[in-house]
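Here is what each chain is made of, one letter per residue.
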Amino acid sequence: MLSRLVFASANALKGSGPLGAGLVQASRSLHTSSQSLAPLPPLPETGGKVRHGIFPEELFQLLYPKTGVTGPYMLGTGLLVYLLSKELYVINHETFVAASIGAVFIYVVKKFGPSVAAYADKINEEKVAKAQEVKDQAIASYTQDIEDEKKEQWRVEGRSMLFDAKRNNVAMLLETNYRERLHMVTNEVKRRLDYQIALQDLHRRMEQEHMVNWVEKNVIGSITPQQEKQSIAKCITDLKALAKATQVKATT
Amino acid sequence: MVLSLFDQFISPALFGVPLMAIALVAPWLFLPAPGVRWLNNRLLALETSFIGRFTSQLFAPINKSGHKWALILASLMIYLISVNMLGLLPYTFTPTTQLSMNLGLAVPLWLATVLIGMRNQPTAALGHLLPEGTPGPLIPVLIIIETISLFIRPLALGVRLTANLTAGHLLMQLIATAAFVLLPMMPAVAIMTTLVLLLLTILEVAVAMIQAYVFVLLMSLYLQENV
């Protein structure tokens, strides 16, 4: 019956304090919880407090109410004296051996203890740092991916402007091309019409010249030699009269 | 209790009940095994790091087929170191001071290496009996000498460990006895003797670790020759 009590109280203490880790498996005996090994209760950060390297602090706390601060020391001294006086512990050569081993051990612990502890902590910290680095790298790469994605999204927004500009470009090119072709067509048509006009002009001129030549020829052919002599004589008399008139004009 | 000098080497017994098993198994109590946790306490972190580095350094020159000896040699090393160090405490029994135990460790392991060598590569194993470059007339003599040295190896291993530890313990007892006896008569000399005892203790601590290492190192060397 008492064992059941122990089990029940052990279950209650499962998560707590220094005994917690050791009592995890206690609940398995009563089958009150699912048998899982995780998450394990956390290890205590530091070991139990000790005084003078071996005596647990709890002993001093236990004796304090009844015997005060010097209680445990008196207990130790009394115990030692009892063992020696009753010769339950005999001082012989082994005591010297024990003393020298004790001195060496205490010296080594005091001198190299902190550095060894620091080394052990460093081993653990390196392990944690490696895992942390993996995690940090993963987080960094994901953050970078998020930023890249955002940048791509921003780029996509700008893409429609790019397409508009390209579309404008193409429209402008098409318009220019169309206008050029229109211009060319107009020019060609004008050239053809100019040609026709020039042709017509040529015709008219040729007709005119032909007619003038024909008229001249007929007129010149119709002039009899008598008429010719008469006209020449008139011209001469006209010229003389004119010459006289100018001479008179020149002298006055 | 009244101790003679050789009481420490007697197989321990309490009221007729042999305690040898406790003495042999004692190191197991001080060496935790790595458990479920990913991050362990300091002792486990140091232990795993030490064992890992020691094993990789010991097996670096041995080729792959010898690596299956890693477990036995690493655990032998840890065992010998812990047993030797525990034996330095007062009133403790050191199993490795017994020749029977050390020969029991050395002979089977050595014999295993020789048999492996003879079985897998007999020519090379026999070739180890003749060093390179020996002049012609010396060859028969040298083969005999090398064979003798081959068979002496387990004896050497066992006796080396036994003798070192026994001698060390005995010396400590003697000097401690001297200091103890001189203390009432000539205190100054007793203090000098205690100083000597202190230095000797430091030496014994070193010897305890070195002898374990040498045992395992030589075994790995024999393995390297033969595997």
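Residues numbered from 1 in each chain as written. Chains lettered and ligands numbered in written order. Predicted model: local features only at pLDDT ≥ 70, side-chain atom pairs only at ≥ 80, totals over all residues. Heavy atoms only, no water.

Under an unreviewed UniProt entry, the name given to chain B is ATP synthase subunit a, and the source organism is Neogobius melanostomus. Here is the UniProt Catalytic activity (unreviewed entry) comment for chain B, exactly as written: "H(+)(in) = H(+)(out)". The Subcellular location (unreviewed entry) comment attached to chain B in UniProt states, word for word, "Mitochondrion inner membrane". (UniProt positions renumbered as here; feature names shortened; annotations may be inferred.)

Chain A is annotated in an unreviewed UniProt entry as ATP synthase subunit b from Neogobius melanostomus. Among the UniProt annotations of chain A, the heading Sequence similarities (unreviewed entry) holds the following wording: "Belongs to the eukaryotic ATPase B chain family." Recorded in UniProt for chain A, the comment headed Subunit (unreviewed entry) runs: "F-type ATPases have 2 components, CF(1) - the catalytic core - and CF(0) - the membrane proton channel. CF(1) and CF(0) have multiple subunits."

1. Description of the pattern of salt bridges
Residue and element names in this part refer to chain A. In this structure the tally under the stated criterion is 12 salt bridges over all chains. For Glu152, the salt bridge goes to Arg155, with nearest N and O atoms at 2.7 Å. Taken as a pair, Glu152 and Arg155 lie in helix α5 (residues 93-222) at a separation of 3 residues, close to a single helical turn. When the shortest N-O distance is used, the salt bridge between Asp201 and Arg204 registers 3.9 Å. Taken as a pair, Asp201 and Arg204 lie in helix α5 at a separation of 3 residues, close to a single helical turn. By relative accessible area, Asp201 is classed as partly exposed at 41%. Put simply, Glu188, Arg191 and Arg192 are held in one network by salt bridges that share partners. (Salt bridge = Lys/Arg side-chain N within 4 Å of Asp/Glu carboxyl O. Helix = DSSP H or I, 4+ residues; strand = E, 2+ residues; numbered from the N terminus. Buried < 20%, exposed > 50% of the residue type's maximum accessible area, 1.4 Å probe, protein only.)

2. Re the UniProt feature "transmembrane region" (unreviewed entry) in chain B
Residues and elements named next belong to chain B. Taking the numbering used here, the UniProt-annotated feature "transmembrane region" (unreviewed entry) corresponds to residues 12-31, 69-89, 101-118, 138-158, 170-191 and 197-223. Note that residues 12-31 is 55% helix and 20% strand, and that its end C-alpha atoms are spaced 23 Å apart. What you have in residues 170-191 is 95% helix and 0% strand, and the ends, taken at the C-alpha atoms, are 20 Å apart.

3. Some details on the environment of B:Arg160
All names here are of chain B. In this fold, Arg160 is placed in helix α6 (residues 139-185). With 51 residues separating them along the chain, Arg160 and Gln211 place their C-alpha atoms 8.0 Å apart. If near-sequence neighbours (up to four positions away) are discounted, Arg160 is found in contact with Leu155, Gln211, Val214 and Leu218. (Contact = heavy atoms within 4.5 Å.)

4. Digging into the packing of aromatic side chains
The geometry of an aromatic ring pair is captured by two quantities: the separation of the ring centres and the angle between the planes. What the rule picks out here adds up to 7 aromatic pairs over all chains. Ring plane angle 80° and centroid distance 6.3 Å describe the contact between A:Tyr89 and B:Tyr91, whose orientation is recorded as edge-to-face. Here B:Tyr91 lies in the loop between α3 (70-87) and α4 (99-120) and A:Tyr89 lies in the loop between α4 (71-85) and α5, a pairing that spans two chains. For B:Tyr91, a relative accessible area of 34% translates into the label partly exposed. Pairing B:Phe50 with B:Phe54 gives two aromatic rings, centres 6.2 Å apart and planes at 20°, and the pair type is stacked. Pair noted here: B:Phe50 and B:Phe54 are both in helix α2 (residues 42-58), with a separation of 4 residues, about one helical turn. Look at B:Phe50 and you get partly exposed, because its relative accessible area is 39%. Exposure remark for B:Phe54: the relative accessible area of 6% places this residue in the buried category. Put simply, the rings of B:Phe50, B:Phe54 and B:Tyr213 pair up and form one aromatic cluster. Lying over the aromatic face of A:Phe60, A:Arg51 brings its terminal NZ or CZ to 4.0 Å of the ring centre. (Phe/Tyr/Trp six-rings, centres within 6.5 Å; stacked < 30°, edge-to-face > 60°. Lys NZ or Arg CZ within 6 Å of the ring centre and 35° of its normal.)

5. Quick word on the confidence of the model for chain A
The share of residues in chain A with pLDDT of 70 or more is 85%, and the mean pLDDT across the chain is 87. Helix α1 (residues 2-12) of chain A is the least confidently modelled element of chain A, averaging 53 in pLDDT, while α4(A) averages 95, the highest of any element. (pLDDT = per-residue confidence, 0-100.)

6. Section: the packing of helix α3 (residues 57-67) of chain A against α4(A)
All names here are of chain A. Axis separation between α3 and α4 bottoms out at 8 Å; the angle between their running directions is 100°. In this view, α3 runs roughly perpendicular relative to α4, as classed from their interaxial angle. Across the interface between the two elements, Phe60, Leu63 and Thr67 of α3 pack against Gly71, Pro72, Tyr73 and Leu75 of α4. (Axes fitted to C-alpha atoms, helices over the stretch in contact; angles between N-to-C directions. Parallel < 35°, antiparallel > 145°, perpendicular 65-115°, else oblique.)

7. Section: the interface of chain A and chain B
Listed as interface residues are 28 residues of chain A and, on the opposing side, 29 residues of chain B. Taking both partners together, chain A and chain B bury about 2,800 Å²; carbon and sulfur atoms supply 69% of that area. Considering only the surface of chain A that becomes buried against chain B, A:His93, A:Glu94 and A:Phe96 emerge as the three largest contributors, covering 24% of it. There are 1 salt bridge connecting chain A and chain B. One salt bridge in this structure joins B:Arg42 and A:Asp121, with 2.9 Å as the shortest N-O distance. Tallied by class, the residues present in the side of chain A that touches chain B amount to 21 nonpolar, 4 polar and 3 charged. (Buried area = accessible area lost by both parts, 1.4 Å probe. Nonpolar A, V, L, I, M, F, W, Y, C, P; charged D, E, K, R; others polar.)

8. Brief notes about the side chain of B:Thr113
Residue and element names in this part refer to chain B. Its location among the elements puts Thr113 in helix α4. A polar contact of 2.5 Å, which involves the side chain of Thr113, links it to the backbone oxygen of Trp110. What Thr113 contacts, discounting residues up to four positions off in sequence, is Trp69, Tyr222, Leu223 and Asn226. (Polar contact = N/O pair within 3.5 Å; in protein donor to acceptor, adjacent residues only side chain to side chain.)

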